[in-house]
Every structure is written in C-alpha cells, then in structure tokens.
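Commentary on secondary and tertiary structure
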Amino acid sequence: MVQSAQTHGNQPVRPSGLKGIAADFSSDQRAFKTASWGKAMMWFFILSDIFVFGCFLLAYMTVRMSTTVPWPNPSEVFALHIAGQDVPLILIAIMTFVLISSSGTMAMAVNFGYRREKGKTAVLMLLTALLGVTFVGMQAFEWTKLISEGVRPWENPWGAVQFGSTFFMITGFHGTHVTIGVIFLLIVARKVWRGDFDTERRGFFTSRKGQYEAVEIMGLYWHFVDLVWVFIFAFFYLW
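Residues numbered from 1 in each chain as written. Predicted model: local features only at pLDDT ≥ 70, side-chain atom pairs only at ≥ 80, totals over all residues. Heavy atoms only, no water.

Moving on, we get to the pairing of strand β4 (residues 85-88). The two faces of the sheet receive side chains in turn, since in a regular strand these alternate between them. Of the pairings in the sheet, the one linking strand β3 (residues 79-82) to β4 comprises four bridges and is antiparallel in character. Directly across from Leu80, in β4, lies its bridge partner Val87. A loop of two residues connects β3 with β4, the two strands running antiparallel in sequence, and Ala83 in this loop sits at a positive phi of about 55 degrees. (Pairing = 2+ DSSP bridges. Helix = DSSP H or I, 4+ residues; strand = E, 2+ residues; numbered from the N terminus.)

Structure representation (structure tokens):
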C-alpha cells in the first residue's frame, strides 16, 4: 500500500514525483470512504446539473450578444401594472425573496434534524415546500402573463425572437427542479413526522436508525436549486 505521506518530525511531508501523485489519489480515496452513498450521489448529481445549467446560460449569453435585433428590456417586459402604473421587476423580486427564504427554513430543518427534533424538522420542511410551491405558482403567473402578451418560443413582440425560447427553456428547466424538490420534501417530511428515522422503518429514503441524513441530502439539493436561481436572476432579469 502506498504511503500517503512521509513524516518529518510531527509534520507530514508530501512525497515528490510519481509517489506524490499516488499519495494524493490514495488519500482522496480514503476520504471519500467516509461519505455515505446517498450524499456522494447527490454531489455527483449537483455537479452534472451545474454543467447543464452552465451550458444553458452560456447559450443564452451567446445568443443575446450575437443577435442583431434589439433585446427586450427586462424592466419593461417583467413589469406589473399596479395602481395605474408599471412597477418593474416587482414579481421577480418577490419570487427571489421567497426562494432565498426557503433556503433558510431548509437549513434550520437540517439543524433540527441532527438534533433529532422530528416535529420542528417536519414543520420546517413543510414550510420550505410551501415556499417552493409559492415560487412555482408565481412563475406560472409570469409565464401566463407573457404568453397572453404574445411571447412564444418562436415569437416575441418586443424584439429578438430568441428571447422567448431561451426564457421558457431556462426558467422552465429550473421550475421543474423546484417542483421535483417540493415533491421529495413532502415525502421526506412525512417520514420524519412518522419517526421513520428513529425506528429504522423500511422504505425509500430511510437511513440508519437515529440518522436524519436524508434531510441533509434534501438540503443539498434545495440549496443548489436556490443558488442556480441567483444566476438566472442576474443574467436574465438584471442584465
């Protein structure tokens, strides 16, 4: 077995050359053995999704910078008519506040989960799911408004036709992630409420007895979805 490091006094010293490379690989392999299968797979999923969303946003930037037709002004397109005047981006600001707030409730759910306070954990997960449903509902309202005003994937009354296709593709893909997250939040919250993680009841997403790791895994997914929205918000609505 390759030694991960030589020691010099009390301080480990990394071997040089090929032995150093082998030591790096062997130490990483031992580090990953401490991670559970579920958590490791969630990190792999998040990494793959980063590439997908990254490609979508790069395609959006490429299309927007290369088109010769003027790009619609987000302050006009996403404005709401309130009290006789147009308020720019008010709906988007509320949507962003709701989704970021759900990250806070999810973080508290994970914290209470590892304290084995199943009542507070379940309530906070349900609150997170409620905020997610609110976000998706406002996104559906936004889509309905734009469609009623003539925006289509192949048509846009305010300028470049690529606006509709990129908007529906990126926000729709993200909204699908939020919807899936809400479904799994409800499933895991129900299992927490029934005490499945305390009694080691058999079934999907049930971890070892006394371990609320499924709550933490859901937290990883939910924080990722929220972080992606920050980039969509910056690229689509503020640019």
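Still more ground to cover, so stick around.
One finds Phe78, Met106, Met125, Trp229, Ile232 and Tyr237 to be the most contacted residues of the largest nonpolar core, which totals 57 residues. Listed by contribution, the elements that provide at least two residues to this core are α2 (37-66), α4 (90-114), α5 (118-148), α6 (162-194) and α8 (213-238). When residues in this core are grouped by element, the largest group, 15 residues, is from α8. When near neighbours in sequence (up to four residues on either side) are disregarded, Met106 contacts Met125, Thr128, Leu185, Val215, Met218, Gly219, Trp222 and His223. (Core = buried A, V, L, I, M, F, W, Y, C linked by side-chain atoms within 4.5 Å. Buried < 20%, exposed > 50% of the residue type's maximum accessible area, 1.4 Å probe, protein only. Contact = heavy atoms within 4.5 Å.)

Attention now goes to the environment of Ile170. Within the secondary structure layout, Ile170 lies in helix α6. Taking the C-alpha atoms as reference points, Ile170 and Phe236, 66 residues apart in sequence, are found 9.5 Å from one another. Not counting chain neighbours up to four residues away, the residues in contact with Ile170 comprise Phe56, Leu57, Tyr60, Ile232 and Phe236.

By themselves these figures say nothing about function.
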